[in-house]
Every structure is written in structure tokens, then in C-alpha cells.
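A look at the structure
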Amino acid sequence: MEPGGTSQRSGRSAESCWRGHIVQQLKHRDRSQNAMFQDLIRFYTQLLEKTSLTKGLLSRHPWAAGGSSLSSVPQQNSQLKETTGELAYQVVELQQQIRDKECVVQEQRTRLQEEESRLAGVFDAHQALQERVEQVQVENRTLKMEYDALLERQRWAESRLREEKVQEEHLLEDLMYLKKQAASRMNTRNERRSRARQATLQKELQMAARSKVSCDSPSSAPSSRSSSPKTQHRDESNKRVPARLFRSASATSQRNPTFFFSSFHLFDRKRRGHSVSLEEDQLFPVGVCLSARVPARALQVLEAHGEGINTVRFSFGSDLLATGGTDRVIKVWEVRAGSLTHRTTLDGSTGSITCVEFDPTGRRILAASYDKSALLWQLDASVPKVTLTGHSRKVSAARFTCASHQVVTGSHDRTVRLWDLHRAACVQQVEVGSFCTDLVCSESSIISGHFDSKIRVWDPRAVSCVQELPAQGHVTSLDLSSDRRQLLSCCRDDCLQLLDLRRWSSERVCVSFRAEGFKCGSDSTKAVISPDGCYLAAGSADGAVYIWSVSTGSLETRLPDKHSASISAVSWSLTGEYVVSVDKSRRAVLWSDI
């Protein structure tokens, strides 16, 4: 019995093993195909249930047991046919669903192929971009090598520049040494000549002392032939001494207009504590009291610029005139025999010229510009020698100070700046609460006019405002008298105001000048004082020049009909002979009483 039982157990275990394997395969197939044939399985399950139900019905009938009647067979047959039709319809529906599923699968395969093709295109683009990146890296390496080469060349050029500067310094030292030697030789020669002249003069004096002169008659001549011609010339000069030595300034000025110019240059030779000084180190000239001429008629009318003219200024010698306008150039004119002749044009500004001024030597011109800078020209150079930049808005005024290497500027950025021309740099800056419209400089102070109807006096040494004076309105211009004692301000309320600078306290004298018809034409209209301080001149918006008498406070004369637009500025020559007015329509008019 044991061997038979063992064989039976081994047979059962082998049967259970292949059954389990089949079950596992069926489960795996069920998991893999369940989602795709879920509907078909469900209908197939329903069909099996109906088939089992039919079998159960047939098994319960009597004929199945051998004793049923054959009369119910047709009815059962009809039921089976109905069930078969329903199952066939369900099979058709399941086949339609399978076809739909296959269409969906086909669409998904098509989309998959499209995505694969797109992926292949993207991969190709990626390869192209990778190649481009490698190419750009090669180009960058090449540029880096070129940059390193340029940097090396720049270092070499900078080293050469330093060497050249050192060589330049050596050459300059050698040149200065040679100049010192030449000056020493010249001084030695001059000293020899001076000693020789002194010795000659001493001999002549000794000879004159030994000579005998007869004094019996006033008309008698010297008895000695040894008297020199120079001694005779001095005797003749001494005879002319009792004649009239001086005349009034007014008479001299009317007979000879160049009297003021020659006197001006006499006083222009002041020294500053050194035995020898350069012309650039000279102080401002001392004014000469002169009876200025009140202009009566126009000597010349000309179209001076291509656009409107903003400013005009005579040189200290009164032989040159400078005009600046919105055409961004300065024109220099020679004043000869009652006419203006164009001499040169100075350009270099990128904005309209707002202010122009000569230095005391007459060889440099300073200008303020709309391009936020001030520019300095040599008279015979067309391009600026120095450009002063630093303001953030237009520069409305630029003036030389008493130190000729310094200038002061005022701007609409609410600052007043002091500049060193040697370094072309700002050395002092003052913040102001309002736009600066004009500036003037005296020996010890800077005076500025502002849009807030105030005049401020600054101490450049302390960089502080020492006095603040009210004005009648927005200040458009300032001007100082020749003796630096009176300050003229032109205001936007159609009024001129004259202040006595010797009295800054409550005792100061302030005189206002108005006239019927006079109207200040702009925020930069410029008025002037005559060189003798007796008259004031200003241009009006109606195109006429108005001149007031300081002593009477009334209008002296009105010069109409030569300007067709508002007059922007006037200037009075220091000789007192001429007045020039300019307007916004490019016209300049030379006035005089000749």
C-alpha cells in the first residue's frame, strides 16, 4: 500500500504544479489584457451566466428526467433563439467596440510616430546648437587672444607715454635753464648799457657844470659850446612848464576819444608785490572819470548772426566787440571810425551762448553756454582753449575774477562755482536756493542775481553768503560801475535798480528807474551803466533803447525804429563813445552822437 500511496501523492503534486503554472499564466494575461478587453470579458461573463441559467432551466423540466412532455420544446426553442439573437447582437457590439479601440490605438501610434519625428528634429537642432556653441567658444578664445594683445599694446603705449612725459619734463627743464641763461645775459647787457648811459650822463653833467653861461639878457644864448643838446632840450622843456598842464575830462574826451584808452593803459600796469609780473597777473584797471556821450543816432545796422543774439560786450580797450547768439558761435568785431568790421568767429559750443566777456588784456574771451559749460578762447584761435564742465543745467553767467587765472560761473542748477583755469577744475562750489541769472565780481566779493528776486553777495575766501538783498522782481542782469561803487540790477518787473555798494546796511541808497513804454523782454535782458556812472542803458521789448540819467532819475533819451524785435542786451564802450544793442532777430546796432 505504501508504494501505491506514494505514486498517487506524486501524481497529485505534479497535477497541482502545472495547474498553478496555468493559473499564474492566466493571471498574468488577465492583468495585461484586462484593460483592453474589460468590456468583452464582462459580456462574456454575462453570456456564461445566461448559458448556465439555460442549463438549469432545462435540467428542471420533466422531459429531462424522462417523464416530461414534449409540448414545451417549441417554446424553449424560441427562448433559445431569442437568447442566441441577443448574444449575437452583443457580440456585434463588442466587435464594434474592439474596432473603435483599434482606431484609438492606431491614432495613438500615429501621434507617437509624430512625437518621435519631432524628437528627432529637436535632437538635430540640439546638435546644431551644440556645434554653434563650440564655434562661439572658438571665436571667444580668438577675441580673448586679440584683447590680450591689445591690452599688452596699451601697456606698452602707456609706458612710452610715461617715458615721453619724463623726456618732456627734461626738455622743459633744459628750456627753462636756457631761458634763464639768456635772461641773465640780457640783464648783464642791459646793466652794462645802463652803466654806460649813466657814465655818459655824468660826463655831460660835468661838462655842463664847467661851462660858463651869461645871464645878462633873457634872450642870450649859452656862451659855452660844450653844452649838450640834451641839456638844451631840458631847458626848453622847463620853459614850457608854466603852461596849462591839465584839462577837464569832458573836454578831453570830446576832442580826443582815445584819451580814455591811453589813460586806461597807464593804470593797467599795476603790480602785485613782484618786481616783474606777466600780463595775465595784472589787476583790473582803475577807472577814469569820463563824461560819456549820450547816443543820438545809429551809425550802423547789420545782421550780425544767423539766429537771435543773446549777449554783447566791448573789450576793455573799446577797440573790439564780441557778440554771442543762439547759433552757438561768438563773433568778434573791430570798432573803427564808427563802424563794425568782422574780425573772427569762435566756435566750439554745442549750445546757445548766454554770456560773453573779455579779460583785461583783451586777448581772451570767456563765454557761458546752454550746453552746461563755460568756454575760454584765445582771441586768434577759433576753438576753445579751456572747457569748464560740471554744471547739470545751462550756464547763465561766466565772469573773470580779480585773479585772472580764476573765473566764476552761475547756472540754473542753483550753484555758483569758482574755477581754476590752470587746472580747468572747480575749486569752490556754493549751493543757492534759486536759479542764478547773472554775476559780477569786485575785488573782494562775488555778487549774483537770482530768479527768486534776490541779490546775494559772496565771500570767495569763506565760501559763504555775507549779504542778501531784495530786488524789485526776478533779476535778469547785473552790472558794476567802473569805480566798483554802484551795482545796477535789471528786474523782470520793468524796473532798473541802482545800489550803492559802500552802504550794505539799512543806510544803503537804492534808486529805481522806470519809463513809460519800457518793458523787460526776457529773463536774460541785460542793462549797463555808462563808464562815467552818469547814465543807465537798457533795451526794451518794443525794440527801443532807453537811457536814464542817474543824477535826475528821469529818462534822458529813447532810441527807437532800428530793431524789429525785443532787445536782449546792450553794451557801452569804456571810451564812452559807442553803445551797441542786439536783439532776437539777429540784428546789431551801433549808436553814437557823432
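Residues numbered from 1 in each chain as written. Predicted model: local features only at pLDDT ≥ 70, side-chain atom pairs only at ≥ 80, totals over all residues. Heavy atoms only, no water.

What follows is about the pairing of strand S11 (residues 406–411). Summarising burial for S11: five of the six residues are buried, a large majority. Where strand S10 (residues 395–400) lies against S11, five bridges are found, and the strand directions are antiparallel. Counted as the bridge partner of Val395 is Ser411 from S11. Counting the residues between successive antiparallel strands, the hairpin from S10 to S11 contains five residues. For S11 and strand S12 (residues 415–420), the ladder comprises five bridges, and the chain directions are antiparallel. Along S12, the bridge assignment pairs Gln406 with Asp420. Here S11 folds back onto S12, and the loop between the two strands holds three residues, one of which, Arg414, carries a positive phi near 65°. (Buried < 20%, exposed > 50% of the residue type's maximum accessible area, 1.4 Å probe, protein only. Helix = DSSP H or I, 4+ residues; strand = E, 2+ residues; numbered from the N terminus. Pairing = 2+ DSSP bridges.)

Turning our eyes to something else, we now look at a negative patch on the surface. Together, Glu168, Glu169, Glu173 and Asp174 make up a region of like negative charge exposed at the surface. Tracing the chain through its elements places Glu173 in helix H3 (residues 73–210). Here Glu173 falls in the exposed class, since its relative accessible area comes to 52%. (Patch = residues over 30% accessible without salt bridge, like charges linked within 9 Å, V, L, I, M, F, W, Y side chains within 5 Å. Areas by Shrake-Rupley, 256 points an atom, 1.4 Å probe, with all protein chains shown as cover. Salt bridge = Lys/Arg side-chain N within 4 Å of Asp/Glu carboxyl O. Lys, Arg positive; Asp, Glu negative; His and termini not counted. Charge placed at Lys NZ, Arg CZ, Asp CG, Glu CD.)

Mean pLDDT over the protein chain: 80, with 80% of residues reaching 70 or higher. A low-confidence stretch, residues 63–67 stays under pLDDT 50, and its non-local contacts, those more than four residues away or across chains, total eight contacts. Under a pLDDT of 50 for its full length, residues 216–287 has, in the predicted model, 69 contacts with residues more than four places off or in other chains. (pLDDT = per-residue confidence, 0-100. Contact = heavy atoms within 4.5 Å.)

Our focus in this paragraph is the pattern of salt bridges. Summed over the entire model, instances satisfying the criterion amount to 22 salt bridges. With a shortest N-O distance of 3.8 Å, Arg293 and Asp593 are connected by a salt bridge. Here the residue Arg293 occupies a position in the loop between helix H6 (259–267) and strand S1 (297–303), and Asp593 occupies one in the segment after strand S28 (587–592), the gap between them amounting to 300 residues. A relative accessible area of 13% means that Arg293 is categorised as buried. Given a relative accessible area of 37%, Asp593 falls into the partly exposed group. The closest approach of N and O atoms between Asp359 and Arg364, which form a salt bridge, is 3.2 Å. Here Asp359 falls in the buried class, since its relative accessible area comes to 2%. Residues joined by salt bridges that share partners form a network here, namely Glu334, Arg336, Arg343 and Asp380.

Turning to a nonpolar patch on the surface, a few remarks are in order. Judged by side-chain polarity, Trp18, Ile22 and Leu26 come together as a nonpolar surface patch covering roughly 290 Å² of accessible area. Here Leu26 shows up in helix H1 (residues 2–33).

Moving on to the sheet that holds strand S3 (residues 320–325). Here four strands make up an open sheet; going across it, the order is S2-S3-S4-S5 and the pairing antiparallel. Each edge of the sheet is formed by a strand with only one pairing partner; in this case those strands are strand S2 (309–314) and strand S5 (339–346). Pairs of neighbouring strands in the sheet enclose a mean axial angle of 25°, with direction left out of account. (Axes fitted to C-alpha atoms, helices over the stretch in contact; angles between N-to-C directions.)

Let us look at unusual backbone geometry. A positive phi is found at Ser318, a non-glycine position, where the angle reads about 65°. The residue Ser318 is located in the loop between S2 and S3 in this model. For Ser318, a relative accessible area of 7% puts it in the buried group. With a phi angle near 55°, Ala424 is a residue other than glycine that sits in the positive phi range. Mapped onto the secondary structure, Ala424 falls in the loop between S12 and strand S13 (425–431).

A word on the sheet that holds strand S15 (residues 446–450). In a beta sheet, neighbouring strands pair by backbone hydrogen bonds and run either parallel or antiparallel. Taken in spatial order, the four strands line up as S14-S15-S16-S17 in an open sheet, and their pairing is antiparallel. At either end of the open sheet lies a strand with only one pairing partner, and these are strand S14 (436–441) and strand S17 (464–470). On average, adjacent strands in this sheet sit at an angle of 20° to one another, irrespective of strand direction. Judged from the four bridges that link them, S15 and strand S16 (residues 454–459) form a sheet pairing that is antiparallel. Residue pairing in the sheet places Ser448 in a bridge with Arg456 of S16.

Attention now goes to the pairing of S2. Counted residue by residue, S2 has five buried out of six residues, so it is predominantly covered. With five bridges connecting them, S2 and S3 associate as antiparallel partners. When the bridges of S3 are listed, Phe314 appears paired with Leu321.

Side chains of residues three or four places apart in an α-helix project in the same direction, reflecting 3.6 residues per turn. Given a rise of 1.5 Å per residue, 138 residues ought to cover 206 Å, and the 195 Å separating the end C-alpha atoms of H3 matches this to within 8%. Taken as a whole, H3 has its buried residues at Gln76, Leu87, Gln90, Leu94 and Glu204. (Expected span 1.5 Å × (residues − 1).)

In this section: the side chain of Lys331. Positionally, Lys331 belongs in strand S4 (residues 330–336). No salt bridge is formed by the buried Lys331. Its closest oppositely charged neighbour is Asp327, at 5.4 Å. Among the polar contacts made by the side chain of Lys331, one reaches the main-chain carbonyl oxygen of Ala304 at a distance of 2.9 Å. If we ignore the near neighbours within four places in the chain, the residues touching Lys331 are Ala304, His305, Leu321, Ala322, Thr323, His342, Thr344 and Thr345. (Polar contact = N/O pair within 3.5 Å; in protein donor to acceptor, adjacent residues only side chain to side chain.)

This next bit is on the environment of Pro460. Counting through the fold element by element, Pro460 comes out in the loop between S16 and S17. Overall, the relative accessible area of 23% leaves Pro460 in the partly exposed class.

A surface patch of positive charge is lined by Arg185, Arg189, Arg192, Arg193 and Arg197. Note on placement: Arg197 falls in helix H3.

A few words now on the packing of aromatic side chains. A full pass over the atoms with the stated rule returns five aromatic pairs. Both rings, one in Phe435 and one in Phe451, keep their centres 6.0 Å apart while their planes meet at 40°; by these two values the pair is tilted. With Phe435 in the loop between S13 and S14 and Phe451 in the loop between S15 and S16, this residue pair connects regions lying 16 residues apart in the sequence. Phe451 sits in the partly exposed class, given a relative accessible area of 30%. Taken together, a centroid distance of 5.3 Å and an interplanar angle of 90° make the contact between Phe518 and Trp548 edge-to-face. Taken together, the positions of Phe518 in the loop between strand S21 (510–513) and strand S22 (528–529) and Trp548 in strand S24 (residues 545–549) put the pair 30 residues apart, joining distant regions of the chain. Like Trp548, Phe518 is buried. Taken together, Phe518, Tyr546 and Trp548 form an aromatic cluster joined through their ring pairs. (Phe/Tyr/Trp six-rings, centres within 6.5 Å; stacked < 30°, edge-to-face > 60°.)

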